[in-house]
Amino acid sequence: MDLTVTTIVLAVLSGSAVGLLLALFGGGGSVLATPLLLYVVGVKDPHVAIGTSTAAVAVNAAMNLMGHARGGRVKWPCASVFAAAGLAGSFAGSTVAKMVDGQRLLLFFAFAMAAIALSMLRRPKDEGDPAVHITARLMARLAPMGLVTGFAAGFFGIGGGFLIVPGLMAATGMTLANATASSLLSVAIFGAATSTNYALSGLVDWPVAGLFIAGGAVGGWIGLQGARFLAGRALLGRRLFAALVLVVAVYVAYRALGG
């Protein structure tokens, strides 16, 4: 697409918003990337919007992951097993998605957004174990969850964090804070795999992706500072964000149905 001054500003601001949400919430934080590219920045093709958003989200997630890692919140062994298992799934899911009509894919995407929002409204059953360590038993539970989550992330063109966070918590018993931080490794890897698959078909707008990444770097830095402030208000923050995602899901479904 042509880069006007307005387009550049909107792409940077949209990237900032996604980077901030990724840093704050991990799981679910990237779900607004594709709607922002379509309805704010002005990308016309849904497949290009998905390919571009996953490229940008992968880089932003990697940057935010490093911030959380410096804070000691990433459980690297558990996160690595989950991400490695999901890599093949994300390639498979994105391959299937490229064969689906763009508007129908957006409708599926709207349902996925609604599922993300509902998952973020749930209160965790317990605080979790901050000292969890990888074992053979945990690996046997993490690998299949990672594979399925990777496929969903590739198909819907999202980071998949809304599945990764509860998946990590269910498989390992780690805390919400650890799962949120650890999920970013899978978000980065699944996003990179999906965007590479789309790029091979010429479905990534690299200039727009670059602007999105630049904005995301700033937003991510702000989000990492805000994560400390929200430490005692995490549930309230997630619920407010979930309400926003539900509203956007309804709008995306409306547009996909020809509204």
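Up top you'll find the structure we're talking about.
Residues numbered from 1 in each chain as written. Predicted model: local features only at pLDDT ≥ 70, side-chain atom pairs only at ≥ 80, totals over all residues. Heavy atoms only, no water.

**Some details on the packing of helix α3 (residues 46–70) against helix α8 (residues 176–199)**
Then, in step 1: Interaxial distance between α3 and α8 falls to 7 Å at its minimum, and their mutual angle equals 150°. Compared by their axis directions, α3 and α8 come out roughly antiparallel. Crossing geometry of α3 relative to α8 is assigned as left-handed. Residue-level inspection shows H47, I50, G51, T54, A55, V57, A58, A61, A62, N64, L65 and H68 of α3 in contact with α8, the latter providing A181, L184, L185, V187, A188, G191, A192, T194, S195 and Y198.
Then, in step 2: Broken down by class, the residue content of the contact of α3 with α8 amounts to 14 nonpolar, eight polar and no charged. (Axes fitted to C-alpha atoms, helices over the stretch in contact; angles between N-to-C directions. Helix = DSSP H or I, 4+ residues; strand = E, 2+ residues; numbered from the N terminus. Parallel < 35°, antiparallel > 145°, perpendicular 65-115°, else oblique. Left-handed = near helix turned anticlockwise from the far one by under 90°. Contact = heavy atoms within 4.5 Å. Nonpolar A, V, L, I, M, F, W, Y, C, P; charged D, E, K, R; others polar.)

**A look at the environment of L138**
Then, in step 1: Along the chain, L138 turns up in helix α6 (residues 136–156).
Then, in step 2: On the accessibility criterion, L138 (5% relative accessible area) is buried.
Then, in step 3: Discounting residues that sit within four places of it in the chain, L138 has contacts with V132, H133, A171 and T172. (Buried < 20%, exposed > 50% of the residue type's maximum accessible area, 1.4 Å probe, protein only.)

**Regarding helix α1 (residues 5–25)**
Then, in step 1: A rise of 1.5 Å per residue sets the reference length of α1, with its 21 residues, at 30 Å; its end C-alpha atoms lie 30 Å apart and thus fit the reference within 8%.
Then, in step 2: Taken residue by residue, α1 has T7, A11, S14, G15, S16, V18, G19, L21, L22, A23 and F25 as its buried positions. (Expected span 1.5 Å × (residues − 1).)

**Focus: the side chain of H47**
Then, in step 1: Counting through the fold element by element, H47 comes out in helix α3.
Then, in step 2: Relative accessible area serves as the criterion here: at 11%, H47 is assigned to the buried category.
Then, in step 3: Of note is the side chain of H47, whose polar atom sits 3.0 Å from the backbone oxygen of V100.
Then, in step 4: If we skip the residues at most four places from it in the chain, H47 touches A97, K98, V100, D101, G102, L105, Y198 and L203. (Polar contact = N/O pair within 3.5 Å; in protein donor to acceptor, adjacent residues only side chain to side chain.)

**Things to note about the environment of A214**
Then, in step 1: With respect to the element layout, A214 can be found in helix α9 (residues 206–229).
Then, in step 2: Classification of A214 as partly exposed rests on a relative accessible area of 44%.
Then, in step 3: Counting along the chain gives twelve residues from A214 to G202, while the straight-line C-alpha distance between them is 22 Å.

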